[in-house]
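Each chain, written out:
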Amino acid sequence: MTDRLEVVAAEDGNRRVIRVAGRPPAPVKRRGTVAWYIPYTKLEAATVASAPLDAMWIDVSSSDAAYHAALLDIWGRRETFALLEHDVVCRPDVIDAFETCPEPWCSYGYANICHPECQDAWANQLGCVRFRKELLDAVPDALSSIPPEGWEWRNLCDRIGERLRAKGFTHHWHHPGVDHRGAGWCS
Ligand SMILES: [Zn+2]
Ligand SMILES: [Zn+2]
């Protein structure tokens, strides 16, 4: 399922190594009330193995702004949804908690983050987060109001977070944190 490299013959008699993209699993029929999405540019085996079976995978490798385009589309559907980023490992209790917690904006921190206080600096992170419909309805332009210079995926979470907080919403942390393959930051 993950990408693999393959040596192929070139027309001129030389050879080249190409990358053959893996494919994520096709989503099964929706199991709960939360629509799960996994924007990805690569496939991590641990994420694939842990992901909700009904999650829809979205290939955002075409552009640095593709994550914004994907979220703009999801936001416009105005239905409760969760995001799992491609380097985050999900768990069954996470799926249950997002299904049942009544808070509008729920998020899991990262179990392997450098320091607990650093987690609070990442309160807008989108690695494992769920937004309820009431929040989408209250801030329908959270994505569409971001100007093009804010579309780049690295800073997108803060652009969204500041718009939600301006309307009085606050993230609700859930514990224990999820495993994040890229964690480390200040250490
Ligand atoms: Zn919650
Ligand atoms: Zn730190």
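For the structure, see preceding data.
Residues numbered from 1 in each chain as written. Chains lettered and ligands numbered in written order. Predicted model: local features only at pLDDT ≥ 70, side-chain atom pairs only at ≥ 80, totals over all residues.

A. Summary view of the overall build of the protein chain. Within the protein chain, the regular secondary structure consists of six helices and nine strands. The C-alpha atoms of the protein chain give 18 Å as radius of gyration, which agrees with the globular expectation for 187 residues (16 Å, within 12%). Across the protein chain, the fraction of contacts at a sequence separation of at least 24, relative to all contacts at a separation of at least 6, is 71%. (Helix = DSSP H or I, 4+ residues; strand = E, 2+ residues; numbered from the N terminus. Rg over C-alpha atoms; globule rule 2.2 N^0.38 Å. Contact = placed C-beta atoms within 7 Å.)

B. Here's a closer look at the nonpolar core. Of all hydrophobic cores here, the largest spans 42 residues; its most connected members are Tyr37, Ile38, Ala82, Leu84, Cys90 and Cys128. When contributions to this core are tallied by element, the ones reaching two or more residues are strand S3 (35–40), strand S4 (56–59), helix H2 (66–75), strand S5 (81–84), helix H3 (92–100), strand S7 (105–110), strand S8 (128–131) and helix H6 (153–166). Excluding residues that lie within four positions of it along the chain, cysteine 128 makes contacts with Leu84, Val88, Cys90, Val94, Ser107, Tyr108 and Val178. (Core = buried A, V, L, I, M, F, W, Y, C linked by C-beta atoms within 7 Å. Buried ≥ 20, exposed ≤ 12 C-beta atoms within 10 Å, placed from the backbone.)

C. Focus on H3. Taken together, the buried positions of H3 are Val94, Ile95 and Phe98. When H3 is viewed along its axis, its buried side chains cluster within an angular range of 100 degrees and face the same direction. In H3, those exposed residues whose orientation departs by more than 90 degrees from the buried face are Pro92, Asp93, Asp96 and Thr100. Its buried side turned inward, H3 meets S5, S7, S8 and strand S9 (172–180). (Arc of directions from axis to C-beta.)

D. Region of interest: the pairing of strand S1 (residues 4–9). The element S1 is largely exposed, with a buried count of zero among its six residues. Bridging between S1 and strand S2 (residues 15–20) involves six bridges; their strand directions are antiparallel. Looking at S2, one finds that arginine 4 is bridged to valine 20. Between S1 and S2, which pair antiparallel one after the other, the connecting turn spans five residues, and glycine 13 there sits at a positive phi close to 100 degrees. (Pairing = 2+ DSSP bridges.)

E. Representation of the sheet that holds strand S6 (residues 88–89) within the structure. Strand order in the open sheet formed by seven strands is S4-S3-S5-S8-S7-S9-S6, with mixed pairing between adjacent strands. Taken across any chain shown, the strands that pair with only one partner, and hence form the sheet edges, are S4 and S6. Here S7 pairs with S8 via three bridges, running antiparallel. Directly across from tryptophan 105, in S8, lies its bridge partner phenylalanine 131.

F. Molecular detail of the pairing of S4. The sheet contact formed by S3 and S4 spans four bridges and is parallel. By the bridge assignment for S4, proline 39 is matched with isoleucine 58. Handedness of the crossover joining S3 and S4 through helix H1 (residues 45–50): right-handed. (Right-handed = clockwise from strand over helix to strand, strands pointing away.)

G. A look at unusual backbone geometry. With an omega of -10 degrees, the peptide bond between histidine 175 and proline 176 qualifies as cis. Despite not being glycine, arginine 78 has its phi angle at roughly 55 degrees, a positive value. With respect to the helices, strands and loops of the structure, arginine 78 is situated in the loop between H2 and S5. Owing to 11 C-beta atoms within 10 Å, arginine 78 belongs among the exposed residues under this scheme.

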